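Report on the structure
Spelled out, the chains give:
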Amino acid sequence: MTTFLRDTATVFRREFAPVLREPVGLLFEMGQPLLFLFLFGSLLDGAVGSSWQWFVPGILVMMCLSGPMASGYHLLVELIGGSMERMMVTPLNRTAMLVGRTLKEMAILTAQAVLIILLALPLGFELHPAGVLAGMALLIVFGVGLGALSFVLALKSAPGGTLFYVVTQALLFPMLLLSGVLLPMDSGPAWLRVLGDVNPVTHAVDAQRALFAGDLADPSVLYGAAAALVVAGAGLVLGNRAMRRGV
């Protein structure tokens, strides 16, 4: 276990070092979420009740999709460049490689989420500490699964990378729209609501909104937690298997 923790910390430091050298890059990555927050959120004011309580959790889930899912792109770049292949011949634990990379993405996601919440407070967002902490925990679990699945996709796509680009572009945006992140799904046609119900992101969004509103006992929290755990479990199992098989 000590060796595993040491290897995980080594991978985490390696992955996080570029972020510390160029922290401004994180602000550029947040350009789209901030744009949606300040412009789109203002347009929804009054249309969905307390718009900020409704919209801020959706923005956080959107960041959870785009951040950890895009993390596979960085792995793909290393696979194409050959640096990942050099890491695979080291005695580093293969599972630690996956966990260390995933923890790096979760650290970035947490920092960005805290910044979004702080910026939303002056706009009218009401802070429920217990709900926010529970929502952040759910977000991290969901992000772990998404990040691990993106690593699996990157490994399967090497060396060309075409599969990674096709799958992420074909799935990411439809999953985002069908989750009700930007607009309520309640007024949509029946077939659209059915597609939304089978989308795990929908349940994560509903759970986040209930938690951020301080309603920890809402049934949607249970469904969202179940969806996050299923995605995390599948991602870690498949990701660990892919890492152990190597490049």
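Residues numbered from 1 in each chain as written. Predicted model: local features only at pLDDT ≥ 70, side-chain atom pairs only at ≥ 80, totals over all residues. Heavy atoms only, no water.

**Focus on the packing of aromatic side chains**
The way to describe two aromatic rings as a pair is by their centre distance and the angle between their planes. A complete count under the given rule lists four aromatic pairs for this structure. Judged by centre distance (5.4 Å) and plane angle (10°), the rings of Phe-12 and Phe-16 are stacked. Of this pair, Phe-12 and Phe-16 both sit in helix α1 (residues 2-21), separated by four residues, roughly a single helical turn. Residue Phe-12 is classed as partly exposed on the basis of its relative accessible area of 26%. The interplanar angle of 15° and the centroid separation of 6.5 Å between the aromatic rings of Trp-54 and Phe-55 together place this pair among those described as stacked. Take Phe-55: its relative accessible area is 0%, and that puts it in the buried class. A cation sits over an aromatic face here: Arg-209 above Trp-54, 3.7 Å from the ring centre. (Phe/Tyr/Trp six-rings, centres within 6.5 Å; stacked < 30°, edge-to-face > 60°. Helix = DSSP H or I, 4+ residues; strand = E, 2+ residues; numbered from the N terminus. Buried < 20%, exposed > 50% of the residue type's maximum accessible area, 1.4 Å probe, protein only. Lys NZ or Arg CZ within 6 Å of the ring centre and 35° of its normal.)

**Notes on the packing of helix α7 (residues 129-157) against helix α8 (residues 162-178)**
Relative placement of two packed helices is described by the angle separating their axes and the distance separating the axes. The contact between α7 and α8 brings their axes to 7 Å, and the two run at 140°. Here α8 runs oblique to α7, going by the angle between their axes. When α7 is examined against α8, the residues Ser-150, Leu-153, Ala-154, Lys-156 and Ser-157 are found in contact with a partner set consisting of Thr-162, Leu-163, Phe-164, Val-167 and Thr-168. (Axes fitted to C-alpha atoms, helices over the stretch in contact; angles between N-to-C directions. Parallel < 35°, antiparallel > 145°, perpendicular 65-115°, else oblique. Contact = heavy atoms within 4.5 Å.)

**Details of the layout of surface pockets**
The volume enclosed by the largest pocket comes to roughly 850 Å³. In terms of lining residues, the largest pocket is bounded by 34 residues, among which Glu-29, Ser-66, Gly-67, Ala-70 and His-74 are the most central. Taken together, the elements giving at least two residues each to the lining of the largest pocket come down to α1, α2 (24-29), α3 (31-43), α4 (51-81), α6 (94-120) and α8. Of all the elements, α4 adds the most residues to the lining of the largest pocket, at eleven residues. (1 Å grid on protein atoms, 1.4 Å probe; cavity = no way out; pocket = protein on both sides within 12 Å on 5 of 7 lines; lining within 4 Å. Points joined across faces, edges and corners; volume = space filled by probe spheres on them.)

**Considerations on empty space enclosed by the protein**
Inspection of the entire model under this criterion finds one cavity of 30 Å³ or more. Considering only enclosed or pocket space, the largest cavity measures out at about 30 Å³ in volume. If you trace the largest cavity, you find it lined by Glu-15, Ser-71, His-74, Arg-101, Lys-104, Glu-105 and Phe-151. The biggest single contributor to the lining of the largest cavity is α6, with three residues. Per-class residue counts for the lining of the largest cavity are one nonpolar, two polar and four charged. (Nonpolar A, V, L, I, M, F, W, Y, C, P; charged D, E, K, R; others polar.)

**Thoughts on the nonpolar core**
Ranked by internal contacts, the top residues of the largest apolar core, which has 41 residues, are Leu-60, Ile-116 and Phe-142. Sorting the residues of this core by element identifies α4, α6, α7, α10 (200-212) and α11 (219-245) as the ones contributing at least two each. Among the elements that make up this core, the one with the highest residue count is α4 (twelve residues). Not counting residues up to four positions away in its chain, the partners in contact with Leu-60 are Ala-113, Ile-116, Ile-117, Leu-139 and Phe-212. Within the second largest apolar cluster, 19 residues are counted, among which are Leu-76, Met-87, Ala-154 and Leu-155. (Core = buried A, V, L, I, M, F, W, Y, C linked by side-chain atoms within 4.5 Å.)

**Section: the pattern of salt bridges**
Counted according to the given criterion, the structure contains three salt bridges. The residue Arg-101 makes a salt bridge to Glu-15 at a minimum N-O spacing of 3.4 Å. Taken as a pair, Arg-101 in helix α6 and Glu-15 in helix α1 lie far apart in primary sequence, 86 residues in all. In terms of burial, Arg-101 and Glu-15 fall into one category: buried. A salt bridge links Glu-105 to Lys-104; the shortest N-O distance between them is 3.1 Å. You can call Lys-104 buried: its relative accessible area is 9%. One salt-bridge network, in which partners are shared between bridges, spans Arg-14, Glu-15 and Arg-101. (Salt bridge = Lys/Arg side-chain N within 4 Å of Asp/Glu carboxyl O.)

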